[in-house]
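Architecture at a glance
Each chain, written out:
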Amino acid sequence: MKKEKEKKDFIKKPDKKFVFTGTNFSRPKVPEINPYEDVIEFMQIDVDCDTYSQLYSCQTDKYNSPVLRIYGVTAAGNSVCCLVEDFYPYFYIRFPDGIGHKDLDDLKYHFNGVLKNKRGFENAVINMEIVEKTDFKYYTPNKENFIKITMKNPKYISTLREIIEGNENNSLKYKGCCFEYKTFESKVSFPLRYMIDNDIVGMSWITCPNASYTLIPHNKKVSTCQIELSISYLRVISHKPVN
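Here the structure is a predicted model, which means the values were calculated and not measured. (Residues numbered from 1 in each chain as written. Predicted model: local features only at pLDDT ≥ 70, side-chain atom pairs only at ≥ 80, totals over all residues. Heavy atoms only, no water.)

Our focus in this paragraph is the environment of Leu 172. Counting through the fold element by element, Leu 172 comes out in the loop between helix H4 (154-165) and helix H5 (190-197). With 57 residues separating them along the chain, Leu 172 and Leu 115 place their C-alpha atoms 9.6 Å apart. Setting aside residues no more than four positions away along its own chain, Leu 172 makes contact with His 110, Phe 111, Val 114, Leu 160, Ile 163, Ile 164 and Phe 179. (Helix = DSSP H or I, 4+ residues; strand = E, 2+ residues; numbered from the N terminus. Contact = heavy atoms within 4.5 Å.)

Right under this line is the structure:
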């Protein structure tokens, strides 16, 4: 009984002046925005991703393509959700002997066929190109050739990685050439990949130039932010932190 009494002594009713009403933390009213004339600048505080299929119910050619969402706040205090499009995930595999540059289109078709037969994915690989990189695990001053594989959806990368690094590796055999049971940068999260490639650091300022973005009307928003816009990643300007 004594312990119960001690517990009750610690239970205090909240003071009425501290009760949240929903109005004492309201954001300022959003000014009229003209996408063709007004620049939108905000401090980003979070980045995540989704796909068109999750955000929108309509069928488009980008249905399974990724959409990055950058959340932030303007200098005036208005909340922003910036939907970044046209950026796709990728990773690398070592370039095998016996395959030339001219084989890349056929190799992409071959990989897509394997992914469709084994997982049911349609056109999962959207591009392949040869790049020169260095394997830091076994560092040498000379660069090697790698195949950069760009995919339609971040989830497809883990699936292809499992095939390359697992027991199904032989299914990817092409023109008698086998691929190494190893991938590079295939576990980098998609939002982090976007931030690294575009020199975006945490809490940095983002600029969306005028005539480069589309303002999302209220009835089509996918967030509760006051300002929501879509823009190509090529038009987003990231500012480096100062002081």
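Let's shift gears to the sheet that holds strand E6 (residues 144-151). Each strand in a sheet pairs with another by means of backbone hydrogen bonds, the pair being arranged parallel or else antiparallel. Read across the sheet, three strands follow the order E4-E6-E5 without closing on themselves; strand pairing throughout is antiparallel. Since the sheet does not close on itself, it has two edges, and those belong to strand E4 (90-94) and strand E5 (125-133), each with one partner. For this sheet, the mean inter-axis angle between neighbouring strands, taken without regard to orientation, is 30 degrees. Examined bridge by bridge, E5 and E6 share eight bridges and lie antiparallel to one another. Within E6, the residue paired with Met 128 across the bridge is Ile 149. Running over the sheet, helix H3 (residues 104-119) touches E4, E5 and E6 and is turned about 125 degrees from E5. (Pairing = 2+ DSSP bridges. Axes fitted to C-alpha atoms, helices over the stretch in contact; angles between N-to-C directions.)

Right, let's talk about the pairing of strand E7 (residues 205-208) for a bit. Here four bridges tie strand E1 (residues 40-51) to E7, and the two strands are oriented antiparallel to one another. Opposite Glu 41, over in E7, you have Thr 207 as the bridge partner. The pairing of E7 with strand E10 (residues 237-239) spans three bridges and is classified as antiparallel. Counted as the bridge partner of Ile 206 is Ser 238 from E10.

Another aspect to go through is the pairing of E1. Consecutive side chains of a regular strand alternate in pointing toward one face of the sheet and then the other. Looking at chain direction, E1 and strand E2 (residues 66-73) are connected through eight bridges and run antiparallel. By the bridge assignment, Cys 49 is partnered in E2 with Leu 68.

This part covers the nonpolar core. Counting residues in hydrophobic clusters, the biggest one holds 26 residues, and the most contacted among them are Phe 111, Ile 149, Met 151, Leu 160 and Phe 179. Elements represented by at least two residues in this core include exactly E4, H3, E5, E6 and H4. Ignoring sequence-local partners within four residues, the contact set of Ile 149 consists of Pro 89, Tyr 90, Phe 91, Ile 93, Phe 111, Val 125, Asn 127, Met 128 and Leu 160. Grouped together as the second largest cluster of nonpolar side chains are 21 residues, Ile 33, Ile 40, Tyr 194 and Cys 208 included. (Core = buried A, V, L, I, M, F, W, Y, C linked by side-chain atoms within 4.5 Å. Buried < 20%, exposed > 50% of the residue type's maximum accessible area, 1.4 Å probe, protein only.)

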